Amino acid sequence: MFEKSLRILIYNQTKQSINNLDKNKRLILLEPDTKKYKTYHFHKYKEIKECGKGLLMQNLP
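Residues numbered from 1 in each chain as written. Predicted model: local features only at pLDDT ≥ 70, side-chain atom pairs only at ≥ 80, totals over all residues. Heavy atoms only, no water.

Q: Help me get a handle on the overall build of the chain, residues and values and all.
A: Each helix and strand counted, the chain has 2 helices and 0 strands in total. For the chain, whose C-alpha radius of gyration is 14 Å, the value lies well above the compact-globule estimate of 10 Å for 61 residues. The dimensions of the chain, computed from C-alpha atoms along their principal axes, are 40 × 25 × 15 Å. Burial statistics for the chain: of 61 residues in total, 7% are counted as buried. By element, 57% of the accessible surface of the chain is carried by carbon and sulfur atoms, the whole surface being about 5,900 Å². Computing the positive centroid from 13 side-chain charges and the negative centroid from 6, the chain places the two 3 Å apart. (Helix = DSSP H or I, 4+ residues; strand = E, 2+ residues; numbered from the N terminus. Rg over C-alpha atoms; globule rule 2.2 N^0.38 Å. Buried < 20%, exposed > 50% of the residue type's maximum accessible area, 1.4 Å probe, protein only. Areas by Shrake-Rupley, 256 points an atom, 1.4 Å probe, with all protein chains shown as cover. Lys, Arg positive; Asp, Glu negative; His and termini not counted. Charge placed at Lys NZ, Arg CZ, Asp CG, Glu CD.)

Listed below in structure tokens is the structure:
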């Protein structure tokens, strides 16, 4: 139940942030493979951040 509530919170915050973006700017959405992490794995934030950095480096123009 806690994880589902947290996922809904994150989804709603992300949706709100995207809606508030300047429409004249380009949005790139990167989705790293985080299947092995759960919402409550806050202590693994460095590992998760590295997953995203790897994707960012691959997708830079």
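Let us keep going from here.
Q: Hey, could you go over the environment of I18 for me, with residue numbers and the actual values?
A: Summarising the element assignment, I18 is placed in helix α1 (residues 2–19). Look past the residues within four positions of I18 in its chain and what remains in contact with it is K23 and L27. (Contact = heavy atoms within 4.5 Å.)

Q: Lay out the environment of K44 with the relevant residues and their values.
A: Inspection of the secondary structure assignment puts K44 in the loop between α1 and α2 (45–59). Exposure remark for K44: the relative accessible area of 25% places this residue in the partly exposed category. Distance from K44 to L30, taken between C-alpha atoms, is 19 Å for residues 14 residues apart in sequence.

Q: Describe the environment of N24, listing the residues and the values that go with them.
A: Following the sequence through the fold, N24 ends up in the loop between α1 and α2. The class of N24 is exposed, set by a relative accessible area of 75%. Measuring from C-alpha to C-alpha, the distance between N24 and F2 comes to 37 Å, with 22 residues separating the pair along the chain.

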